[in-house]
Structure formats: C-alpha cells, structure tokens
Amino acid sequence: MLVYNSQTHKKQELTPVEPGKIRMYVCGPTVYDQIHVGNGRTFLAFDVIRRYLTYKGYQVTFAQNLTDVDDKIINRANEQGRTPEEVASEFSDAFIEQMHRLGVLDPDIRPRATQEIPAMIEMIQGLIEQGHAYAPGNGDVYFSVRSDPSYGTVSGRNVDELKVGARIEANDEKRDPLDFALWKAAKPGEPMWESPWGKGRPGWHTECSAMVHRYLGTPIDIHGGGQDLQFPHHENEHAQACCCWHEPLANVWMHAGMLLINGEKMSKSLGNFFTLKEVLDKYPADAVRLLMLQTHYRSPLDFSFDRLDGAVGTLERVRGTIANLRWAAESAPQDGELNEADRVLGAAVDEASAEFARQMDDDFNTAGALAAIFGLVTAANTYLSDAGEDTSTAVSLRASDALVELLGVLGVESVRPVATELPHELVDLAREQAGYAGDDADEAASALIQARAAARAAKNWGVADAIRDGIAALGLVVEDTAAGTRIKPAKKEA
Ligand code: AMP
Ligand code: ZN
C-alpha cells in the first residue's frame, strides 16, 4: 500500500519497521479551549488512517499527547482567574468527550506533557552532552539548529534561507536566531518544575520527541499532524530525535490539509471558527465524517453548513438503501436461481469492494473509497426498483452487509442496522382488525398488511384507515416499497 511521505514529497510503499506492526503518533491538541472543526478534521483523518491499517491486519499502536502546559493555557488561566491546571484539565476532558462524539477511537497511549517532565529533561541533557544544545545560564536551554546537518529535511527548508526571516527577541540569549527553546526559565506564577537549569518548563517541541521515544521507540512508522505543524514543530521534533538518539523520529511524515472556511484557514486567531462541539450539537457525527472524508486528507477542505446539510441527506439515502436491502432480503421468497439482475448487483458488490481497497491503498483516498460505496448504493437502488418483489435474499444481504462493512471501516457506524422488534400490541390490533388468532408480532404485522390491502381493494376505506391509525398509535408506519409493504417504526431523529 502506498502512503505519501511529506518529507520526500512522494508516495512510497508502506514498509513497517517491524513486519505486521505499525507504530504511529499524531500530535494532540493544546488544551486551552474547545477545539474547532478544523482541528477535528486532522484528528478524524488520522482516525480513519489508523482504522484502515487495522482493517488491513496491521497491529497498530497509536499514541497521542495532550499539551497541557503552554503559553496559551497560562494566558487563558490568567484571563479567567483560574490556575493553568484547572484550564488544562477542563479542556483535556472536553477534547476527549468531543473525540468520542465524533467516533474517533481512543489512542492506545495518551501521555500528558506535565506527566513527562523527567523524560524531557533526560533528552535535553543528552542534547547538551552531545553539543546540540546549550544553557546560557539564564535558566533557558536552546537547541543549536546549526549543529544538526539534517535540519530542514522534514519540511524541505534550507537553513540559510530560514536565517533571513529569523530574529532574536530582546531578552533572548540565543547564539543564533534559528535556535529554539527546549526549556524555558519559569516566570513567577507559571507552572514550573525543578531541573538542572533551575525551575522552568519545557518548550513546545520538546514533549513529542521525548514521548515518542519513551512510548513507541524511534523511529516510528508514521508521524502525523496538520499541515501547519510541518514547520517548525515537526522539523524541530525530528532534529531533537536525530541529534539525541541518532535515528530519525519517523519513517513517514503525514500531514492533513487545512480545513477552510470561505477560502481561509479556520483558526482561533482569525476568529473564523466553529467549535467541534457546537457542530456536533447540531449535526450527527457521521454527517461530519462523511463531509470530511469526501475530500482527500491532504487536500484543503471547504467547510460550510450547506455541505453539511448535503451530507445529512447522503447519510439518510445510504441508510434508506441499507434498510430496503434488508427488507428485501427478509421478504423475498427463499433463493432459487439467480437472475440477471441478481448477478448484476452481485458483480457491483465485488467491484465496489475491490475499488474501495484500491482507493484506500492509494494513500488513503477516502474520497475515491466513498465514491465506490455510493456507486454500490446506486446499483442497489436500481436493483430494488427494477426487481420489485423478485429479489434474492442472498444477494440483497450481501449488498447491505458490504455497505455496512465498508462504511464501518471509515468509522461511519450509524448505518449499522439495529434489529427492530415490533411491539407485541400489534397482536391485539391484528386480532381486532384482521381476525388474527396467533400470538406473534411479526405474523400479526403480515396479517394487518394483508387485511389493509384487502380493505383497500374492496374500497372499504373505513377499515383501511382504522388499521393504519391503529398502527400509527403504536409509533409505527406502514411503508409501501417496490419490494412490498412493511410495518416499521416511525422515523426517529438520527
Ligand atoms: P493545535 O492545538 O493548534 O496544535 O492543533 C491541533 C491539530 O489541529 C494540529 O494537528 C493542527 O495542525 C490541526 N489544525 C489546526 N488548524 C487546522 C485547520 N484549519 N484544518 C485542519 N487542521 C488544523
Ligand atoms: Zn508534536
């Protein structure tokens, strides 16, 4: 299977360090506020990548950090008159809650920066000992960018060009404007930890390298994050690992494209954002998923509520097709010979499954994979409307199972049919209205459908309506489909 490595700008064969196993790490959020839908896009993209690798049979170990000490958290705490710990704890929980709502699977390992200080100090000491970092004596420690000959390779930047844009802040003690802080001396009132350089806290890039090394071991197979993390964050993570442990941090670097709103990157600083929470308060998670997965993970994604409404409709259509296939499977006479239409749908199932795999094997092209699924939905609808009552149980079930399975690989789980039991009160209604003498709700439903059809045929509208109203009073509806009539629960909100 091919994955695009943003370090080499090429698709390459995925070759795990240990055969059959994938170790992956995706930078987590800085927990100072609710995340926005743009952040959600990146986390969703890697959730699907992880799910697909697992589906392919890899044993995936997935780690994701929570950055719970940072300037943004400290500033937010000061604004709100709270401690940074309170802010970080509230928004760590909020992040995990929204990930659960979106159906993003929990990481296997979720380290928190504040709990990993010893591993970070150890890495910084290693860098100082090897001449890649220095402590000028003011309590800070800096990484010496020029000491790393490979610096710039993750993001394709040239150190001499970077130099032009860099500048030294007035109170910095950097030897070179390109250098970055591994450790920052504590300011009064900030969270701080003891270290060989005095009380302080880690720089932003420090935690990920230390955690990757500690929990997964370097190099890992896949390192991910949003496109905006490629430089400087990932470049710096990589430099730290190369210089400390003499190994690349990751073999493949993957970056998700930015979610845009009206053509601009969604971001907190531009103020053009919707929180994931407010979107999930209004829309089903699977509609958000479908919308996002209809764009390849590396491409920019245009977010709008119109598109989200469209995704709600798509989800409904797919759900309807799955329900109708299952209904056809239940109501069809048991299978005899397959006819031409059955063979056509059977072939469409095979083709959709193969095309799904081809698209996903090509750098996780979820847009192509969804197109294959929608192609099967169209084929199934054609089959159902042309076949009338002459559907094959086996072929209808194969098609509905394939749709449920393939969508499930993408984490779209809400299309999975739940067995709906008809209420036992139908028996009483059928005894009254259809002369039914048994004691089974499904049989009673058939008796009522037949009695209603007979009443309508005899233009006996009073009886037909009484049956329909009795059914409605039980929260059920009578639905006429090409494959026959059924009684089912009235539509509920998704
Ligand atoms: P942060 O908490 O700012 O580090 O962001 C968490 C994740 O969201 C990172 O992987 C970012 O690259 C990603 N991200 C931020 N803004 C966007 C956006 N507009 N679209 C997609 N991903 C984003
Ligand atoms: Zn990181």
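Everything below is about the structure printed above this text.
Residues numbered from 1 in each chain as written. Chains lettered and ligands numbered in written order. Predicted model: local features only at pLDDT ≥ 70, side-chain atom pairs only at ≥ 80, totals over all residues. Heavy atoms only, no water.

### A short note on the packing of helix α12 (residues 366-387) against helix α13 (residues 393-409)
- At their nearest, the axes of α12 and α13 sit 11 Å apart, and the two run at 155 degrees to each other. As the angle between them shows, α12 and α13 are arranged roughly antiparallel. Once α12 is placed against α13, the crossing between them reads as left-handed. In contact with Leu370, Ile373, Leu376, Val377 and Tyr383 of α12, α13 contributes Val395, Ser396, Ala399, Ala402, Leu403, Leu406 and Leu407.
- Residue composition of the contact of α12 with α13, grouped by class: 11 nonpolar, 1 polar and no charged. (Axes fitted to C-alpha atoms, helices over the stretch in contact; angles between N-to-C directions. Helix = DSSP H or I, 4+ residues; strand = E, 2+ residues; numbered from the N terminus. Parallel < 35°, antiparallel > 145°, perpendicular 65-115°, else oblique. Left-handed = near helix turned anticlockwise from the far one by under 90°. Contact = heavy atoms within 4.5 Å. Nonpolar A, V, L, I, M, F, W, Y, C, P; charged D, E, K, R; others polar.)

### Points about the site of ligand 1
- Around ligand 1 sit 16 residues in total, of which Gly38, Thr42, Asp228, Leu259 and Met266 are the nearest.
- Residue glycine 38 places a main-chain N or O atom 3.0 Å away from a nitrogen atom belonging to ligand 1.
- Methionine 266 places a polar main-chain atom, nitrogen or oxygen, 2.9 Å from a nitrogen atom of ligand 1.
- Computed on the free molecule, ligand 1 has an accessible area of 490 Å², of which 91% lies beneath the protein chains in the complex.
- Taken together, the elements giving at least two residues each to the shell around ligand 1 come down to α1 (37-55) and β9 (220-226).
- With 4 residues, α1 is the single largest residue contributor to the shell around ligand 1.
- Split into classes, the residues belonging to the shell around ligand 1 amount to 6 nonpolar, 8 polar and 2 charged. (Near = heavy atom within 4 Å. Polar contact = N/O pair within 3.5 Å; in protein donor to acceptor, adjacent residues only side chain to side chain. Areas by Shrake-Rupley, 256 points an atom, 1.4 Å probe, with all protein chains shown as cover.)

### A short note on the coordination of the zinc ion (ligand 2)
- Summarising the metal site, the zinc ion (ligand 2) is bound by the protein donors Cys27 (SG), Cys208 (SG), His233 (NE2) and Glu237 (OE), whose distances to it range over 2.0 to 2.2 Å.
- Taken together, the 4 donor atoms surrounding the zinc ion (ligand 2) define angles of 78 to 126 degrees at the centre, an arrangement classified as irregular.
- As a motif over one chain, the donors of the zinc ion (ligand 2) read C-x180-C-x24-H-x3-E. You can see cysteine 27 sitting in the loop between β3 (21-26) and α1 and its partner cysteine 208 sitting in helix α6 (residues 206-216), a full 181 residues away along the chain. (Donors = N, O, S within 2.8 Å, 3.2 Å for Na, K, Ca; no water. Tetrahedral: all angles 85-135°; square planar, octahedral: opposite > 155°, others 65-115°.)

### Observations concerning the packing of aromatic side chains
- The tally for this structure, following the rule as stated, stands at 11 aromatic pairs.
- Ring geometry for tyrosine 134 versus tyrosine 142: centroids 5.8 Å apart, planes at 40 degrees, classification tilted. Comparing tyrosine 134 with tyrosine 142, the two get one shared label, buried.
- On the basis of an interplanar angle of 20 degrees and a centroid distance of 5.0 Å, the ring pair of phenylalanine 143 and phenylalanine 180 is categorised as stacked. (Phe/Tyr/Trp six-rings, centres within 6.5 Å; stacked < 30°, edge-to-face > 60°. Buried < 20%, exposed > 50% of the residue type's maximum accessible area, 1.4 Å probe, protein only.)

### Some words on the side chain of arginine 486
- Here arginine 486 shows up in strand β15 (residues 484-489).
- The exposure class assigned to arginine 486 is buried, which follows from its relative accessible area of 8%.
- Polar side-chain contacts of arginine 486 include one of 2.4 Å to the side chain of asparagine 324.
- A distance of 2.7 Å separates a polar atom in the side chain of arginine 486 from a polar atom in the side chain of glutamate 479.
- Filtering out sequence-adjacent residues up to four positions away, arginine 486 remains in contact with Ala323, Asn324, Trp327, Ile449, Val477, Val478, Glu479 and Thr481.

### Regarding the pattern of salt bridges
- With the rule as written, the count across this model stands at 34 salt bridges.
- The partner of lysine 11 in a salt bridge is aspartate 362, and the shortest N-O contact between them spans 2.8 Å. Taken together, the positions of lysine 11 in strand β2 (residues 10-13) and aspartate 362 in the loop between α11 (340-361) and α12 put the pair 351 residues apart, joining distant regions of the chain.
- Here aspartate 362 falls in the partly exposed class, since its relative accessible area comes to 28%.
- For lysine 277, the salt bridge identified is with aspartate 281, shortest N-O distance 2.9 Å. In this pair, lysine 277 and aspartate 281 are both assigned in helix α8 (residues 276-282), 4 residues apart and thus about one turn of the helix distant.
- With relative accessibility at 47%, the residue aspartate 281 sits in the partly exposed group.
- What you see here is one network of salt bridges that share partners, running through Asp47, Arg51, Arg289, Glu413 and Arg416. (Salt bridge = Lys/Arg side-chain N within 4 Å of Asp/Glu carboxyl O.)

### Re the nonpolar core
- Counting residues in each nonpolar core, the largest one holds 88 residues, and the members touching the most others are Met24, Leu53, Phe303 and Phe364.
- The dominant element in this core, judged by the number of residues it contributes, is α1, at 9 residues.
- The residues contacting phenylalanine 303, other than those within four sequence positions of it, are Val37, Leu259, Leu260, Ile261, Met266, Phe274, Val279, Leu291 and Leu308.
- Within the second largest apolar cluster, 41 residues are counted, among which are Met120, Leu127, Trp197 and Ala210. (Core = buried A, V, L, I, M, F, W, Y, C linked by side-chain atoms within 4.5 Å.)

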